[in-house]
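Observations on the model geometry
In case you want the letters, here they are:
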Amino acid sequence: MGLISIKNGGNQTGPRYWRTLDQLADTPQFRDWMKREFPESVTELEMDGSSRRTVLKLMAASFGLAGLTACSRPVEHIFPISKNVENYAPGEAYFYTTIMSLGGQVAGLLVETHDGRPTKIEGNPDHPFSQGAATALAQASLLNLYDPDRVRAGEGTWPKFEAFVKTLNLGDGGGLRFLSESVTSPSLVALRSETLKKFPKAKWIEYESFQRNNGREGAMIAFGQPVSIQTNFDKAKVILALDSDFLGLDWTTPLPTKQFSSRRRVETEQDLEKLNRLYSVESQFSITGANADHRLRLQGSDIKQFAIDVAVKLGAIPGMPVLNDDRRTKFLNAAVKDLQAAGPEALVITSPRQPPIVHALAFLMNQKLGSLGNVTTLTKASTEDRVEAGVQALSNLTGELNSGQVSTLVILGGNPAYTAPADVPFVAAMSKVANSIHLSPDENETTAAVKWALPEAHFLESWGDGVTATGVASIQQPVIEPIFGGRTSAEVVALIVGSKVTKAHDIVKTYWTTQWPAAERDKTWRKVLNDGVIPSKAPEPLKLTADAKKIAAAVAAEPKAAPSGVEIGFVPSSAAWDGRYANNGWMQEAPDPMTKLVWGNGALISTATARAHDLRDGDMISLQRGSVKVEAAVFLAPGHADNTVTLSLGYGRERCGSVGRDVGFNANKIRTSGGFWYSPGFEISKTGKTFEHASTVERGLGRFPESHGLAARFKAGSEQDAEHMNGRPVYRETTIEEYRQNPKIIEAMNELPELHSVYPERAYDGEYQWGMTIDLGACTGCNACVLACQAENNVPIVGKAQVIRGREMHWLRMDRYYVGSEDEPRAVEQPVPCMQCENAPCENVCPVEATSHSKEGLNDMVYNRCVGTRYCANNCPFKVRHFNFLNWHRYEAEILSMVYNPDVTVRMRGVMEKCTYCVQRIQETHIKANVEGHRPIREGEILTACQQTCPANAIVFGNLNDPQSKVSKLKKQERNYAMLAELDLKPRTTYLARLRNPNPELGV
C-alpha cells in the first residue's frame, strides 16, 4: 500500500490513504504539484544539463501514482447483459436515415452510430437531393451535437416554463408574435396554421440571414404568383451563372454538384460530347467561378445591368440600349451566342443575393431559350397570407415591439439579435416586451437578451420532417436522446398554444399517418423511417408564361443609382455560415475553398484596389458609410472585382462558445436593410494597425516565404505558371480540343522521360492491391472530402496559432492554384491525400520502421513505433504527413470524446499522422468477407470516407489487381498522371487531368 503526505493550508495532515486516483487528483495540493511537474504551457521539455534528473523525477512520479492506483480495487460494480437486446450487437455500427434543413433547403442524411451515439454523417443514397453525398456543413453538424457550450435545461427549466405558459393570457393573439427561420417542416406548417386560426390576431414572421425571398418576388413579377423551381443541371449544355454560386454557398444540398459534375466526368470517348460549358459573372471568386470555363468579374450591383444586356441580346426585351464596355462586351456576345446555340439545353441562373428583377429576367431568358420546362421546371409554391418573411418583415416586427403592440415574443431558433441589419434596432426593441422566449441550441446574442432561454434539440436528437422545393418529403428521426434536455420548435409552439399533441414524435407521426390508409399506417411508417423518403406523387409542372411586358416595365422602373465610393458585398461563410457554426472547430479550421483562410474572415479586395489605397495583406481598415462602421483586416484576393470589398458573415461573435467568440470581424455591423447583399458608398481608411491572418494558402508544394506577398505568387506576363507549383505540372489540365487532337498531351507534360528505377521491384502475393484516382475535371473543391476525412479519422483541431506555425493536421488538403495574371486569373482545385507511394521515400528514412509497406501495397503507420523524428515528413515531397506536436485533446470537454470514431485510434502527442486509405474500412470489409465464407471483396464494397461523401463522384478507390475494377480502367486513361512522377515514387494515388471546354471566341 502506498502512503502519501500533503500539506493543507500550512498544517500537516499526516499520512492519508486514497482508494482511487480520482480522490487524489481532486485535491488542490496534487493539482499544484502537477502544474509544477507538468507545466500547462504544453511546450517541449527542456532537456538541459539536468535532463537526467528530470527524467528520473518524472519516472518516480509515475511509479508513485501507479502504486496509489494499484493498492485497492475499484469500489464500483459492473454487470453483464444477461439478456441480449434484439438485433443489437455491441460495437457494431448501425445506420439511420434523417434529414437536415439549412437555409430553406433539405438534405437527406445517413447517420452512423456506435453503441447509441452518432459518430459519422453521410448522404442518404435514396434521397434525391443527396444521392449518397453530404456537404461539409452537414458533416460538421455532428460536432455541434456534442458542443459543450450548448444551452442546457436545468432540473426545473421545462416544468417552470410549462407553469409560466399557463399564466399567459393570449386572448385573440393580438400581442403574440412568432419569429422563426424558413420553415421546411410540413407538420410545423400545419401546427402554424392551427395556431394562427386559434389566435387570429397573432403573427408569424420568418427571417434569417440567408433569406431566399428575392426569387419568390421575381416569380411574382414574371408570373404573378410564387413558384417552386427545380433546376436540372445535368440537362444543361451551356450555363450562364449570374452571381450564382450554385456549386458552393447558394445551395446547402449536394444536388447541383452531383448533376453538374455528371457532365464533367470523361470515362469514355462518348463522354467528350456531353461536356458542358459554364460562364460565371461574379464579384468574389467562388467555387462556381473556379469551375467556370469563362469568368467575368463585376461588382455585385453591376450584374443587374449585365442581366438586362443579356436579355436584350437574346431578344427577350427589345428596344433597350446595351452597355458597351470592351472587357464585358466580348464576354457578353460569346455567351449569348452559346446560349442561343444550346437552346432548350441552355440555362441562365442567378443568386438569392440578386434583386427580384434579375430573377424575373432569368425566368424570361430561359423561356426565350426554350429551356423553361426542360432544364428548369416550375411547380406550385405554398402560399400563406398571414406569414411575413424577409428583412422588411423583421423591420415591421421591430416597429411593433417598439410601439408596445407585442406582449409575447416567441423566437424559434436563429439568432436575430446578431443577424439583424444594423439599421433595425431589434435588441433594443425586444427589451420592451414583457414575455420574450428564445428556443436556441447554443448561448448567443439573442439568448442573452430574452427572459426565457430554452434549449433547442439538435436535429440528430429530435423528431421532425422536411420537404424540398420540389415536394420530396422526409422524416427527421433522432439517433440519440436529447443530451441537454432540448425540445423542438413544434413542441414549444404546441405547448404555448395549448395543443392536444405536444410531443415531437406524436406531432410528426400523427400528421403523416393520418394521410395514409389506416391498414397500412404502421407498415408505411416503418418503411419511411428506413428509406428516409416519404413516397409521394411528384407535383404537376406548371405551364406558365413569363410576362415580357411587365418585366420590361419593371426594368425601366429600376433606379439608376450613380456609383460612388466602395461597394461592400456580403456572402455566407463557408465555415461559419451565418454564425451558427461559429463554435464548430471543424469548420473554423477547414480552409475556405478559395481564400484558404481559417479561424476568421477578411476584407477581400482586388490587387488593383489594394494598390489604389496603398494596402497590404493584414492591414486593418475602417469601412464606413454614415453611422455604420466596422474595422476589418485586408486579405488580397486575385480575381476579385475592383472597387469592391467582400465580407463573410458569421464572424465577430460577442456572445458565443469558447471556440467562436471574438473570431473574425462582424459584417452585420454595416449590413443594412437597404443594402442587405450589396451596399455602395463606403469609404476605406487605414487604421494604422495590422492583423495576422491564419491561412493555409502558402502550404504544400513550392511554398513561398510569407514576406514575398501576393506579387510573388505570379510571374509577370506568364499565363502558364500557378501559385505553389512554380512552373511544375503538379496540376494538369488541357482543353477538350487539344485533347482530341493529341490524347498524349497530358503525358507530354512529364518533366523527364521514364528512367531506370533505383528502387527494387516489390513482389506481392496478395489478392488485393489498393489504389485511387481523383478526377480533377469533376472535382469542384467543395471541401466535403476534407471534413469527411476529419470526422472518420479523428483528426484533431489545433487552433489559429498552430495553423500560423504550419501545424494543421488535416490528412487530406484541398490545394487551390491560380493560373494567369493576378487581376484575371483562373483558379483550380486539387485534393491532395497521401500518395501511398510504391517507392515511398518516407519508409527509407524511418529509423524505427514505423512507416512500412503492407502486403496490399499500403503505406502503413504503426503509431506505437513512432518516436517522432519527423524524418519521414521532411522526406515527403507531397507534404502530406503531419506531426502531432502537442496533445490536442488534453483540454477538451469530456463530452467531445463522444464524437470519435471507435474504429480509429485517437492519437496523442508525438506521432506522425497521414491518410491511410481508411484502412479501418478495408480491414472491416476483410473481416466481413471472411465471416461470409472467405468470399472475395466485391468491386465498390470498400468506400473511403472522402470517396463516399464526394458530391462530384470524383474519387474512385479499388483493387488494382482486378483489371475490371473501375480504378484500374481509369488509370489506363490517357488523362491519368502521377504527381511528381519524375521522382520515380510510383504513387498509387493518381489524377485524371481536367478537361476544360472554353469558347474559342474567348480563347483559353
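You'll find the structure just up there.
This section reports on the structure supplied with the text. Just so you know, these numbers come straight off a predicted model, no measurement behind them. (Residues numbered from 1 in each chain as written. Predicted model: local features only at pLDDT ≥ 70, side-chain atom pairs only at ≥ 80, totals over all residues. Heavy atoms only, no water.)

1. Let's talk about the overall build of the protein chain
Put simply, the rule reads: Working definition: helices are DSSP H or I runs of at least four residues, strands are E runs of at least two. Numbering for both runs from the N terminus. Buried means the residue's accessible area, taken with a 1.4 Å probe over protein chains only, is under 20% of the maximum for its type, while exposed means over 50%, and partly exposed covers the values in between. We call two residues in contact whenever any of their non-hydrogen atoms come within 4.5 Å of each other. With residues, only the protein chains shown are counted as cover, and all accessible areas are computed by Shrake-Rupley using a 1.4 Å probe.
Along its length, the protein chain carries 29 helices and 39 strands. Residues counted as buried form 58% of the 1004 residues belonging to the protein chain. Looking at the protein chain alone, contacts between residues at least 24 apart form 73% of all its contacts between residues at least 6 apart. As displayed, the protein chain has an accessible area near 42,400 Å², and 51% of this comes from carbon and sulfur atoms.

2. Some words on helix α7 (residues 213–223)
Along α7, eight of the 11 residues are buried, which leaves the element largely enclosed by surrounding structure. For α7, the full list of buried residues reads Asn213, Asn214, Gly215, Gly218, Ala219, Ile221, Ala222 and Phe223. In this structure, the buried residues of α7 make contact with β8 (227–231), α12 (356–369), β13 (376–380), β14 (387–389) and α19 (548–557). Once α7 finishes, Gly224 follows within two positions and takes phi at roughly 80°, a positive value.

3. Re the layout of surface pockets
Note the threshold: Residues are called lining when one of their atoms sits within 4 Å of a cavity or pocket point, these points coming from a 1 Å grid over the protein atoms alone, where a cavity is a set in which a 1.4 Å probe fits but cannot get out and a pocket is an open set with protein on both sides within 12 Å along at least five of seven lines. Grid points are joined across faces, edges and corners, and a volume is the space filled by probe spheres set on the points. Under the grouping applied here, Gly and all other residues not named as nonpolar or charged are polar, the nonpolar ones being Ala, Val, Leu, Ile, Met, Phe, Trp, Tyr, Cys and Pro and the charged ones Asp, Glu, Lys and Arg.
There is about 1,200 Å³ of room inside the second largest pocket. Taken together, the elements giving at least two residues each to the lining of the second largest pocket come down to α7, α10 (303–314), α12, α13 (391–402) and β26 (678–690). Considered class by class, the residues forming the lining of the second largest pocket number 16 nonpolar, 16 polar and eight charged.

4. A short note on the nonpolar core
Grouped burial of nonpolar side chains is what soluble globular proteins tend to show. What counts here: Side-chain atoms within 4.5 Å link the members of a nonpolar core, which is a set of buried Ala, Val, Leu, Ile, Met, Phe, Trp, Tyr and Cys residues.
Among the nonpolar cores identified, the biggest contains 81 residues, and Leu179, Leu409, Phe426, Leu623, Val645, Leu647 and Ile670 are the most heavily contacted of them. Ranked by residues supplied to this core, first place goes to helix α4 (residues 136–145) with seven residues. In this view, Leu647 contacts Ile568, Gly569, Phe570, Val571, Gly602, Ala603, Leu623, Val630, Ala632, Ala667 and Ile670; residues no more than four positions away in its chain are not counted.

5. Observations concerning the sheet that holds strand β4 (residues 105–114)
Quick reminder of the rule: Two strands are counted as paired when DSSP detects at least two bridges linking them. To get an axis, a line is fitted to the C-alpha atoms, and for a helix only the part in contact is used. The angle between two axes follows their N-to-C directions and goes from 0 to 180 degrees.
An order of β3-β4-β5 is seen for the three strands of this open sheet, with the pairing classed as antiparallel. Of all strands in the sheet, those with a lone pairing partner are β3 (93–102) and β5 (117–123), marking the two edges. Taking the axes of each pair of neighbouring strands and ignoring which way they run, one obtains an average angle of 35° across the sheet. Across six bridges, β4 lies against β5 in antiparallel orientation. Among the inter-strand pairings, Leu110 is bridged to a residue of β5, identified as Glu122. Against the sheet, α4 contacts β3, β4 and β5, and its axis sits at roughly 170° relative to β5.

6. Let's talk about empty space enclosed by the protein
Tallied over the entire structure, the rule returns 11 cavities of 30 Å³ or more. In this structure, the second largest cavity occupies an estimated 590 Å³ of space. Lining the second largest cavity are 43 residues; nearest its centre among them are Asp245, Gly248, Leu249, Ile287 and Ser574. Mapped onto the lining of the second largest cavity, the elements with two or more residues apiece are α4, β20 (566–571) and β25 (644–648).

7. Here's the deal with the side chain of Thr253
One can find Thr253 in the loop between β9 (238–242) and α8 (255–261). In contact with Thr253, not counting residues within four places along its chain, are Gln105, Val106, Ala107, Phe129 and Thr135.

8. What about the pattern of salt bridges?
Operational definition: Between Lys or Arg on one side and Asp or Glu on the other, a salt bridge is scored when a side-chain nitrogen of the former is within 4 Å of a carboxyl oxygen of the latter.
What the rule picks out here adds up to 47 salt bridges. Here Asp531 and Lys527 are joined by a salt bridge, their closest N and O atoms 2.8 Å apart. Of this pair, Asp531 and Lys527 both sit in helix α18 (residues 521–531), four residues apart, which is roughly one turn of the helix. For Asp531, a relative accessible area of 17% puts it in the buried group.

9. A look at the packing of helix α6 (residues 186–198) against helix α16 (residues 489–497)
Cut-off, in case you're wondering: Any angle that is under 35 degrees is reported as roughly parallel, and any over 145 degrees as roughly antiparallel; angles of 65 to 115 degrees are reported as roughly perpendicular and all others as oblique. Definitions for this section: a left-handed crossing has its near helix turned counterclockwise from the far helix by less than a right angle. A right-handed crossing has that turn clockwise.
Between α6 and α16, the shortest axis-to-axis distance is 10 Å and the interhelical angle comes to 20°. Of the possible angle classes, the one that applies to α6 and α16 is roughly parallel. Note on packing geometry: the crossing formed by α6 with α16 is left-handed. Only Ser489, Ala490, Val493, Ala494 and Val497 of α16 make contact with α6, whose side of the interface consists of Leu188, Leu191, Thr195 and Lys198. Here the contact of α6 with α16 is composed, by residue class, of six nonpolar, two polar and one charged.

10. Points about the packing of aromatic side chains
How we decide: In this scheme Phe, Tyr and Trp rings, the latter by its six-membered ring, pair at centre separations within 6.5 Å, and the angle between planes marks the pair as stacked below 30 degrees, edge-to-face above 60, and tilted otherwise. Both a distance and an angle decide whether a charge sits over a ring: NZ of Lys or CZ of Arg must be within 6 Å of the ring centre and within 35 degrees of the ring normal.
Tallied over the full model, the rule gives 25 aromatic pairs. On the numbers, 6.1 Å between centres and 75° between planes, the contact of Phe233 with Trp251 is edge-to-face. Remark: Trp251 occurs in the loop between β9 and α8 and Phe233 occurs in the loop between β8 and β9; sequence separation between them is 18 residues. The pair formed by Phe233 and Trp251 is uniform in burial state, with each residue classed as buried. Taken together, a centroid distance of 5.5 Å and an interplanar angle of 20° make the contact between Trp770 and Phe957 stacked. Remark: Phe957 occurs in strand β36 (residues 955–959) and Trp770 occurs in strand β29 (residues 770–775); sequence separation between them is 187 residues. Relative accessible area serves as the criterion here: at 2%, Phe957 is assigned to the buried category. Three or more aromatic residues link up through ring pairs in this structure, and these residues are Tyr207, Phe210, Trp577, Phe676 and Trp677. Positioned above the aromatic ring of Tyr418 is the side chain of Arg653, whose terminal nitrogen or guanidinium carbon lies 5.3 Å from the ring centre. Stacked on the ring of Trp677, the Lys or Arg Arg671 has its end atom at 4.5 Å from the ring centre.

11. Observations regarding the sheet that holds strand β15 (residues 408–412)
An order of β14-β7-β6-β15-β16-β17 is seen for the six strands of this open sheet, with the pairing classed as parallel. The sheet is open, and its two borders are formed by β14 and β17 (452–455), each paired with just one other strand. Between one strand axis and the next, the sheet turns through 20° on average, direction left out of account. Of the pairings in the sheet, the one linking strand β6 (residues 176–180) to β15 comprises five bridges and is parallel in character. Bridge pairing in β15 links Arg177 to Leu409. Sheet strands touched by helix α5 (residues 157–167): β16 (435–440) and β17. Its angle to β17, the strand with the most contacts, is close to 130°.

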